[in-house]
Amino acid sequence: MTSHFVSVLRQAFKTFDRANLASFNANLQLLKQLTDELTYRDLHIKEELFRDDATNVTRAPCSYMHIFEDERFSMSLFIVRGSNSIPLHDHPMMYGLLRCIWGKLHVQSYSQKLAADEMVQYEKNPTMVKVIAEEPNLVTAETSSALLTPRKRNYHQITQVGNGIAAFFDILSPPYDANMPKYGPRLCRFYRPKSDGDELQLQCIPSPSSYYCDLTPTPKSVLKCCFICAAEVYGATVTDVQ
């Protein structure tokens, strides 16, 4: 087992357990600290995965590795090739951590324009969203993780810097497609910025045709860590979880 990844995974279970709501902020900070220290080696990933020919036209712009998901949170890995981007998209009423483990990524984030006492609402069919542009962020394996919350930085675009390859590990809670009472599955929507005088808005658009992912297998040792930690939480055997 990769001990540091197990520490991140166990802390994620603790952080997003509603039974620990009173200590959520402290747990989230500890989860971020642990995630800040995560490397590709902790995920048993070989460097060869990041030395693929970024200009190979037969490869998708991005690759996706599914690591873990339950109703509380999801963990995954994205690889971005060339000068491609993960287009501007939302994380409705979600928390997220983005940890760059290879290369460099430019993250442009936006926050919904809300009054201090205004509650965050889930919009099932958004058309335009009033936002504030946050300071752009360059994330690398040497910087800390990028954090998003239901109120801050939960719209973002992620672009690989240069013509090489970059990769990031992320944690999202709750996951996409998690059921929301009254609304159904939590959806990911795409946007483009649009200025209206002095006001910045994001216009909801269909998923860009230029954005698609191929799949990268998850190391079996990492899957085993997930099975064991989930079994600890749910009181099942590893065989039951599998």
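To keep things clear, this report deals only with the structure shown in the data block. (Residues numbered from 1 in each chain as written. Predicted model: local features only at pLDDT ≥ 70, side-chain atom pairs only at ≥ 80, totals over all residues. Heavy atoms only, no water.)

Okay, the sheet that holds strand β2 (residues 74-81) next. Backbone hydrogen bonds are what pair the strands of a sheet, in a parallel or an antiparallel way. Strand order in the open sheet formed by six strands is β8-β4-β10-β2-β1-β15, with mixed pairing between adjacent strands. Sheet topology places β8 (146-148) and β15 (213-215) at the edges, where each strand pairs with a single neighbour. Looking at each pair of strands side by side, their axes are set apart by 25 degrees on average, direction ignored. Note: strand β4 (residues 95-102) against strand β10 (residues 165-173), seven bridges, orientation antiparallel. From the neighbouring strand, Leu97 faces β10, where its bridge partner is Ile171. Against the sheet, helix α1 (residues 3-15) engages β1 (62-69), β2 and β10, with an angle of about 125 degrees to β2. (Pairing = 2+ DSSP bridges. Helix = DSSP H or I, 4+ residues; strand = E, 2+ residues; numbered from the N terminus. Axes fitted to C-alpha atoms, helices over the stretch in contact; angles between N-to-C directions. Contact = heavy atoms within 4.5 Å.)

Taken as a whole, this structure holds 15 aromatic pairs when the rule is applied. With a centroid separation of 5.4 Å and an interplanar angle of 20 degrees, the aromatic rings of Phe78 and Phe168 are classed as stacked. You can see Phe78 sitting in strand β2 and its partner Phe168 sitting in strand β10, a full 90 residues away along the chain. Both rings, one in Tyr155 and one in Tyr191, keep their centres 5.4 Å apart while their planes meet at 80 degrees; by these two values the pair is edge-to-face. Of this pair, Tyr155 sits in strand β9 (residues 155-160) while Tyr191 sits in strand β13 (residues 190-196), placing them 36 residues apart in sequence. Of the two residues, Tyr155 and Tyr191, neither departs from the other in class, the shared state being buried. (Phe/Tyr/Trp six-rings, centres within 6.5 Å; stacked < 30°, edge-to-face > 60°. Buried < 20%, exposed > 50% of the residue type's maximum accessible area, 1.4 Å probe, protein only.)

Two numbers describe how α1 lies on helix α3 (residues 220-234): the axes approach to 10 Å, and their chain directions differ by 35 degrees. Taken as a pair, α1 and α3 cross one another with a handedness that is right-handed. Contact residues: α1 offers Phe5, Val6, Leu9, Arg10 and Phe13, while α3 offers Val222, Cys225, Cys226, Cys229, Ala230, Glu232, Val233 and Tyr234. Of the residues assigned to the contact of α1 with α3, the class counts are 11 nonpolar, no polar and two charged. (Left-handed = near helix turned anticlockwise from the far one by under 90°. Nonpolar A, V, L, I, M, F, W, Y, C, P; charged D, E, K, R; others polar.)

Relative to the elements of secondary structure, Ser144 occurs in the loop between β7 (137-140) and β8. With relative accessibility at 41%, the residue Ser144 sits in the partly exposed group. In this structure the C-alpha to C-alpha distance between Ser144 and Asp36, which are 108 residues apart in sequence, comes to 5.1 Å. Ignoring sequence-local partners within four residues, the contact set of Ser144 consists of Lys32, Asp36 and Val139.

This part is about the nonpolar core. Phe5, Ile67 and Met75 are the most contacted members of the largest nonpolar core, which totals 36 residues. Among the secondary structure elements, those contributing two or more residues to this core are α1, α2 (24-36), β1, β2, β4, β10 and α3. Per element, the largest residue contribution to this core is six residues, and it comes from α1. When residues no more than four places from it in sequence are discounted, the contact partners of Met75 are Phe5, Val8, Leu9, Ala12, His66, Ile67, Phe68, Phe169, Asp170 and Ile171. (Core = buried A, V, L, I, M, F, W, Y, C linked by side-chain atoms within 4.5 Å.)

To continue, consider the packing of α1 against α2. For the pair α1 and α2, interaxial distance at closest approach is 9 Å and the crossing angle is 160 degrees. Our classification of the angle between α1 and α2 gives roughly antiparallel. The hand of the α1/α2 crossing is left-handed. Residues His4, Ser7, Val8, Gln11, Ala12, Lys14 and Thr15 of α1 pack against Phe24, Asn27, Leu28, Leu30, Leu31, Leu34 and Thr35 of α2. Broken down by class, the residue content of the contact of α1 with α2 amounts to seven nonpolar, six polar and one charged. (Parallel < 35°, antiparallel > 145°, perpendicular 65-115°, else oblique.)

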